[in-house]
Amino acid sequence: LVGLSETPQHNFLNVLSDVLDNNHSCASQSFGVFLATNTREDSVIAFGGWNNERLAEQLSWAPVHDPELGLWVVKVKGLRVDNGRLDFCDVGTC
């Protein structure tokens with residue numbers, strides 16, 4: 001999101017997206033994050049897409065709320081810890 005940048009030219013993902021668009025990449029504004037769970041593998045950030053081999057399940061998408069603020073805020077519907085549902089979001093304030 002460019003809201004936190006001085007100009008679009010100072011936004012890393014915006015500049016990268018332009019480069020990928022010029023190279024005809026259909027995933028120019030997406031990225032993937034893989035967090036390793038052990039020391040035998042490395043964590044990875046992939047710009048311009050994601051590595052399908054790292055997916056545990058199909059991708060799902062969530063809209064960014066108030067993107068003009070320049071923050072990546074998503075609405076949380078509920079919280080679970082150790083397969084137990086917490087009532088933290090029951091009043092709709094998440």
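Residues numbered from 1 in each chain as written. Predicted model: local features only at pLDDT ≥ 70, side-chain atom pairs only at ≥ 80, totals over all residues. Heavy atoms only, no water.

A few points about the overall build of the protein chain
Moving on, step 1. Counting its secondary structure elements, the protein chain contains 1 helix and 4 strands.
Moving on, step 2. For the protein chain, the α and β elements follow one another from N to C terminus as α-β-β-β-β.
Moving on, step 3. The 94 residues of the protein chain split such that 13% are buried.
Moving on, step 4. Put simply, 21% of the contacts in the protein chain that link residues at least 6 apart link residues at least 24 apart.
Moving on, step 5. Surface summary for the protein chain: the accessible area is close to 8,100 Å², and the carbon and sulfur share equals 54%. (Helix = DSSP H or I, 4+ residues; strand = E, 2+ residues; numbered from the N terminus. Buried < 20%, exposed > 50% of the residue type's maximum accessible area, 1.4 Å probe, protein only. Contact = heavy atoms within 4.5 Å. Areas by Shrake-Rupley, 256 points an atom, 1.4 Å probe, with all protein chains shown as cover.)

Some remarks on the packing of aromatic side chains
Moving on, step 1. Here the structure, examined in full by the defined rule, presents 0 aromatic pairs.
Moving on, step 2. The side chain of Arg54 reaches across the aromatic face of Phe34, ending 4.1 Å from its centre. (Phe/Tyr/Trp six-rings, centres within 6.5 Å; stacked < 30°, edge-to-face > 60°. Lys NZ or Arg CZ within 6 Å of the ring centre and 35° of its normal.)

So, the pattern of salt bridges
Moving on, step 1. Counted under the stated rule, the structure contains 1 salt bridge.
Moving on, step 2. Across the pair Arg54 and Glu41 runs a salt bridge, and its minimum N-O distance is 3.7 Å. Remark: Glu41 occurs in the loop between strand 1 (31-34) and strand 2 (44-47) and Arg54 occurs in the loop between strand 2 and strand 3 (79-81); sequence separation between them is 13 residues.
Moving on, step 3. Here Arg54 falls in the partly exposed class, since its relative accessible area comes to 38%.
Moving on, step 4. Residue classification places Glu41 among the partly exposed residues on the basis of a relative accessible area of 26%. (Salt bridge = Lys/Arg side-chain N within 4 Å of Asp/Glu carboxyl O.)

With respect to a nonpolar patch on the surface
Moving on, step 1. Where nonpolar side chains cluster on the molecular surface, the patch consists of Phe31, Val33, Leu35, Ile45, Phe47 and Trp72 and spans about 630 Å² of accessible area.
Moving on, step 2. Secondary-structure elements contributing two or more residues to the nonpolar patch are strand 1 and strand 2.
Moving on, step 3. With respect to the helices, strands and loops of the structure, Phe31 is situated in strand 1.
Moving on, step 4. Judged by relative accessible area, which is 31%, Phe31 ranks as partly exposed. (Patch = residues over 30% accessible without salt bridge, like charges linked within 9 Å, V, L, I, M, F, W, Y side chains within 5 Å.)

Some words on the confidence of the model for the protein chain
Moving on, step 1. Per-residue pLDDT for the protein chain averages 76, and the proportion of residues at 70 or more is 74%.
Moving on, step 2. Highest mean pLDDT in the protein chain belongs to strand 4 (residues 84-86) (85); lowest belongs to helix 1 (residues 12-22) (69). (pLDDT = per-residue confidence, 0-100.)

As for the pairing of strand 1
Moving on, step 1. Alternating positions in strand 1 separate cleanly, Gly32 and Phe34 being buried on one face and Phe31 and Val33 remaining unburied on the opposite face.
Moving on, step 2. Alignment of strand 1 against strand 2, held across 4 bridges, turns out to be antiparallel. When the sheet's bridge partners are listed, Gly32 is paired in strand 2 with Ala46. (Pairing = 2+ DSSP bridges.)

Here we look at unusual backbone geometry
Moving on, step 1. Notably, Asp82 is not glycine yet its phi reads approximately 50°, a positive angle.
Moving on, step 2. If you trace the backbone, Asp82 turns up in the loop between strand 3 and strand 4.
Moving on, step 3. On the basis of relative accessibility, which here comes to 77%, the residue Asp82 falls in the exposed class.
Moving on, step 4. Even without being glycine, Asn83 reaches a positive phi, approximately 65°.

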